[in-house]
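Close look at the chain arrangement
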Amino acid sequence: MPSNGRETPNPASGFTRVDPAVDIPAMERQILELWRATKAFEESILRRPADNEYIFYDGPPFPTGSPHYGNLLAGVIKDMVPRYWTMRGYRVERRFGWDTHGLPIEMEVEKRLGISGPKAIADFGVDRFNQAARSLVQANTETWEALTERIGRWVDFEDDYKTMDPEFMETVWWVFKQLWDKGLVYKDFKVLPYSWGASTPLSNFEANKDYRDVEDPSVTVRLEVLDGAGPVETGDYLLIWTTTPWTLPGNLAVAVGDEITYVRIPDGDDHYWMASSRVTSVFGDDPSPVASAQGAALVGIQYQPPFDHFSSQRDAGAFRIISSPDVATDEGTGLVHMAPAYGEADFYALKGAGIDAMVDPVDAEGAFTEEVPEVAGQNVKVADATLIDLLGESGKLVRSGRITHSYPFCERTGTPLIYKAIPTWFVRVEDLRGRMVEINDTIHWVPEYVGTRRFGNWLVNARDWAVSRNRYWGSCIPVWECSGCDEAVAVGSLDQLEELSGQRPNDLHKHVVDEIGWPCASCGGSMVRVPEVLDGWFESGSMPYGMLHYPFENAERFEAAFPAKFIAEGLDQTRGWFYTLIVLSTALFDKPAFENCVVNGLILAEDGRKMSKSLKNYPDPSEIFDHMGADALRAFLINSPVLRAEPLRFSSEGVAEVVRTVLLPMWNTYSFFTTYAEADGITVADLESAPSPGDRPELDRWILSVLQSLISEVNAQMEGYYLYNVVPPTLGFIDHLTNWYVRRSRRRFWRTRGESGEDDADKVAAFATLYEVLTTFIEVLAPVLPFITEHLYQDLVARHRTDAVVSVHHRDFPEADPGLIDTDLELAMEVVREVVRIGRNLRKKEALRVRQPLPRLTVLTRDPTVAEAVTDHAGVIADELNVKDVVTSADEAGLLRLSARADFRSLGRRLGPRMPEAAAAIAALAPEDLEKVLSGGKLTIAGEQLGSGDIIVERVPQEGTVVETGSRLAVALDTSISEDLVLEGIAREVISRVQRMRRDAGLDVTDRIHLGWSSPDETIRAAVARHSEDIGAEVLAISVDEGVDGAEETYAIGGAAVTLGISRAEGSGQIS
RNA sequence: GGGCCCAUAGCUCAGCCCGGUUAGAGCGCAUCCCUGAUAAGGAUGAGGUCCGUGGUUCAAGUCCACGUGGGCCCA
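Cut-offs used in this document
- Residues numbered from 1 in each chain as written.
- Chains lettered and ligands numbered in written order.
- Predicted model: local features only at pLDDT ≥ 70, side-chain atom pairs only at ≥ 80, totals over all residues.
- Heavy atoms only, no water.
- Salt bridge = Lys/Arg side-chain N within 4 Å of Asp/Glu carboxyl O.
- Helix = DSSP H or I, 4+ residues; strand = E, 2+ residues; numbered from the N terminus.
- Buried < 20%, exposed > 50% of the residue type's maximum accessible area, 1.4 Å probe, protein only.
- Expected span 1.5 Å × (residues − 1).
- Bend = angle between axes of the 7 residues up to and from the residue.
- Near = heavy atom within 4 Å.
- Polar contact = N/O pair within 3.5 Å; in protein donor to acceptor, adjacent residues only side chain to side chain.
- Nonpolar A, V, L, I, M, F, W, Y, C, P; charged D, E, K, R; others polar.
- Phe/Tyr/Trp six-rings, centres within 6.5 Å; stacked < 30°, edge-to-face > 60°.
- Lys NZ or Arg CZ within 6 Å of the ring centre and 35° of its normal.
- Pairing = 2+ DSSP bridges.
- Axes fitted to C-alpha atoms, helices over the stretch in contact; angles between N-to-C directions.
- Patch = residues over 30% accessible without salt bridge, like charges linked within 9 Å, V, L, I, M, F, W, Y side chains within 5 Å.
- Areas by Shrake-Rupley, 256 points an atom, 1.4 Å probe, with all protein chains shown as cover.
- Lys, Arg positive; Asp, Glu negative; His and termini not counted.
- Charge placed at Lys NZ, Arg CZ, Asp CG, Glu CD.
- Core = buried A, V, L, I, M, F, W, Y, C linked by side-chain atoms within 4.5 Å.
- Contact = heavy atoms within 4.5 Å.

1. Observations concerning the pattern of salt bridges
Taken as a whole and judged by the stated rule, the model has 57 salt bridges. Between Asp270 and Arg222 there is a salt bridge, with the nearest N and O atoms lying 3.0 Å from each other. In this pair, Asp270 sits in strand β9 (residues 270–275) while Arg222 sits in strand β5 (residues 211–224), placing the two residues 48 residues apart along the sequence. Accessibility expressed as a relative area gives 17% for Arg222, which makes it buried. Asp885 is the partner of Arg856 in a salt bridge, and the nearest nitrogen-oxygen pair spans 3.9 Å. One end of the pair, Arg856, is in strand β27 (residues 854–860); the other, Asp885, is in strand β28 (residues 883–889), and 29 residues separate them in sequence. Assessed through its relative accessible area of 36%, Arg856 is described here as partly exposed.

2. A closer look at helix α23 (residues 652–680)
With 29 residues, α23 ought to run about 42 Å at 1.5 Å a step, and its terminal C-alpha atoms sit 40 Å apart, in line with that. At Leu663, α23 shows its maximal bend, which comes to roughly 35°, and the proline Pro665 appears one to four places after that position. Residue Gly681 follows α23 closely and has a positive phi angle near 65°.

3. Side note on the protein's contact with RNA strand B
Near RNA strand B you find 47 residues, and of these Pro20, Glu657, Arg746, Trp750 and Phe904 are the closest. Between a sugar or linking oxygen of RNA strand B and a side-chain N or O atom of Arg660, the distance comes to 3.2 Å. A distance of 2.8 Å is found between a phosphate oxygen of RNA strand B and a side-chain nitrogen or oxygen belonging to Arg746. Those elements that place two or more of their residues in the surface near RNA strand B are α14 (448–460), α23, α26 (727–750), α29 (823–845), α32 (904–911), α33 (915–923) and α35 (979–1000). Tallied by class, the residues present in the surface near RNA strand B amount to 15 nonpolar, 9 polar and 23 charged.

4. Details of the packing of aromatic side chains
Counted according to the given criterion, the structure contains 58 aromatic pairs. With 6.0 Å between their ring centres and 75° between their planes, Trp173 and Trp480 make a pair best called edge-to-face. Pair noted here: Trp173 is in helix α7 (residues 166–181) and Trp480 is in strand β18 (residues 479–482), with a separation of 307 residues, a long-range link. Overall, Trp173 belongs to the buried group, its relative accessible area being 0%. Judged by its relative accessible area of 0%, Trp480 is buried. Taking the ring centre of Tyr194 as reference, the NZ or CZ of Lys420 above it sits at 5.8 Å.

5. Focus: the sheet that holds strand β33 (residues 963–965)
As summarised here, the arrangement of the 4 strands in space is β28-β27-β34-β33, forming an open sheet in which the pairing is mixed. If you trace the sheet from one side to the other, it starts and ends with β28 and β33, each paired once. Within this sheet the neighbouring strands show an average axis-to-axis angle of 20°, counted without direction. Looking at chain direction, β27 and β28 are connected through 6 bridges and run parallel.

6. Concerning a negative patch on the surface
Taken together, Glu42, Glu43, Glu142, Glu145 and Glu158 make up a surface patch of like negative charges. If you list the elements that add at least two residues to the negative patch, you get α2 (40–46) and α6 (126–150).

7. Regarding the nonpolar core
In this structure, Phe673 and Leu857 are the most contacted members of the largest nonpolar core, which totals 136 residues. The element that contributes the greatest number of residues to this core is α23, accounting for 13 residues. For Leu857, the contacting residues outside a window of four places in its chain are Val835, Ile877, Leu881, Val883, Asp885, Val886, Val887, Val971, Ala972 and Leu973. Residues Leu248, Val256, Ile322 and Ile418 belong to the second largest nonpolar core, which totals 59 residues.

8. Details of the environment of Leu770
Mapped onto the elements of the fold, Leu770 is located in helix α27 (residues 757–781). A relative accessible area of 0% means that Leu770 is categorised as buried. Taking the C-alpha atoms as reference points, Leu770 and Thr669, 101 residues apart in sequence, are found 8.8 Å from one another. Here Leu770 is in contact with Thr669, Phe672, Phe673, Leu737, Tyr741, Val742 and Phe749, once residues within four sequence places are set aside.

9. Structural notes on the pairing of strand β8 (residues 261–267)
The sheet contact formed by β8 and strand β10 (residues 291–294) spans 4 bridges and is antiparallel. Note that in β10 the partner of Tyr262 across the bridge is Ala293. In this sheet, β9 lies alongside β8 in antiparallel orientation, the contact comprising 6 bridges. Bridge pairing in β9 links Pro266 to His271. Here β8 folds back onto β9 in antiparallel fashion, the turn holding 2 residues, of which Gly268 has a positive phi close to 65°.

So this is what it looks like as structure tokens:
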């Protein structure tokens, strides 16, 4: 493989002028064509050695709808990094992945089929339902492919992975079996939102979709204390309150808050306990507590439950007061009825109290079972009334009313939701927690805080993971249970399934697997698969293994390539993919699943709100592509706060800015190069014959040095995954290149070739330098701007070299050549640019246009390095600022005066409270004292010996001078304008006017003209006459004659008129 | 209710980790320059109670606490 720049050039190959006006989107579409035609992406992988892999994991998105900016952003990051490491010589495979299972897909399928809920799905047929889900997934992938390609993301859609592939699903079984064998899986109850209408638990997300204001019972119930202790006497009553009387048969405890104060209120012969702060809401304004206690003191007291159907549960610890941190006193009585089957907080409070009891007398359709015979068969909401009556009859009802409140409903069936304990499979994440935290510490997160704080905190508090879902379209929980005994088997492969059942299905979805069973090995009963499917996150967390069908295939490859070097996703994946990847990799391999993780923030619409299709508050991505192109969008996104995991307000203005500040300057430079290369007939052979960089003029060495510095900076940032630090130094480089190198070099490119050997050498050096800079710069930017860099590569490199690699993305990423870096030179040029900047500022302030030559510019400095930089570049400065002479001087008498202030940083620590006093004294120092300090002397101020390290002496211009100070120097302009200079200034004005006429006449930059002029003004006549030769040379006039003839224009210069006329000379248009 | 993040110019953001007295950039705006990159390019300028309150300190945009507003995630 040839390394960069070593391909065989076609020596005769010349360059073709490129129009500076560019249609970027059209150019990008051509590049897409080129990539397709040359299979550039596939090649970029194959040409890197297979034993030098860089592993990237692509987090699988749901194929619902079309990709939004968040997906595109993730795509850009996932493209830029692999492109970079590919250019660094690694083989970076990029297989696209699809998260094909899960609730969002099922919901979409239900919508399309017009059915809803488990009953409807069962009637429709799980097999047909799953088939519909599969078709939907396949149909939706196309828009993704189109937009992904358009943004320039190179990723393999052909060899993609899908979580619904049988191979992937088999690996998921294997993963589950690993956990099972390690004892990390268990089954328990989990309280979930439940729809009796649909006979199914819902996700929290679904449960939040339909809240309605409804009227419900509001009952206060008294529960008799059975074993009083302390201030609580036997026979006292605990007051509880609920809006769901149907949960009272399931009551197993009453909760208090440890810190809450409870009081004993007498009422007739009875005494009631409740939270002090809630007394008036129950008893009105005249409560007279006779005793009080903190909640913690009440814990353990036994009471008589509202109903006695489950009184045997007392042996399990039920019907006692327990403590719960969730008890609040903003409603109710501060004594909270606990029915663990019907409330998540209840469930955990009993667990926390060590009470292993649970009763659930409500069936799947929301009706009471025979366990509560009084209401058996009644729906819970219907049973409410009966139960309230029963409480009244038993004397337990204290108050009964109605309350209107907001309550969740089932979005699909319109029935009220209840909470209900559902058997659920868990992974023991809490056992893995410590190790997960340690493993997380080895991961490099960008930005860092996401990993160390946000994700780290999440890990420390990780709870066991509920991995089962009562759904249909997903990987199955591969557990078979015996109908007759406790036997349970986890199946981890098709081989095992075949061995057990004699069957080997080619699809592992629920409708197939549920049909498979075998006789129980211990009791001869039948082994039946449990009904649940796996959480989709379990599958995406299994992606590193599932993608390769590990361990059934690719075992060696996987082991060599795990963990991944790099992943990138949004901040919302903290609890999602990042988490499940780590849980599973820790459980299975005791390793992280990835080494570097780039986390991006959320993209908001320009108005700061979420992007919303219905609000139309953001431009369609394809609009951006059509108007400004993918490169601009990529650079905009990469350079934005989303790369720091912060939200970004998307604005197409920002994208347009990238076009203006990055793409157009690059294109302009490219156009500039090709224009003059063509005009001069520069060939590749000419470029090759240029002197080696070290022997070229300083300006060339300078820009090459700046380029090398940029290369080393970009490499450092990319190696650290700080993608957001790549664009800013690039912008700085573009400024150096266009506003200094090209501008300063222009005349070198124009000089007529062949007039002098010395000029030719300089010209070729300039062309070679600009060529090398451009062709290297595009390599640096190729990962960010894959299109424009490819275009330039094709035209500037590939065209001229017979065995060049076909794409810029196949080249090796540049590495900085320390031999070309000259920091002294870079520093000197900074000084020069500063002098020029200050000089322009001065001219502006003094209203002295640059076209008017001035006699002298003086740089005031005592720094020999600065003085040397100025002296060495006096010509450049003189040219830029149109002055006749540039000198340096250390003598600032009459121009600058000294001014002092304290160096707080060094003095503050030493002086402490005496600081303000010293600062005032320093500001008031006399010039002689300052001179003394400057020459190394010490002064006694505030009782301290202070020297040059403590006092900052600055020079400021004296009033009435044409002087301006910079950070390390001052610039003085001599503004006396002699007669000669006036004439020269006029000549420059004339040149300027003629150039404008040339442009307005549409002449080519190489066209020769005849110039005629006339003026009634003596001074102008003198000026033009004296400088006619210079004028002619500047405006490419082969004759300059008094008397106008042809197209003419009259201008005012310094209040006097001049008439100019130009005409194109015959035979012009030759090489200049 | 909890965790994390953010709040600096009209807009988008640096600066904050490690405190130092004149807070920067780009865009936009205004004024001007250049005219051989020209449907480009450049310079200069105006514009800031650094969200609020309190604290620590000789010194706070920067550190601490509390609050306000916004975001993400979780409950």
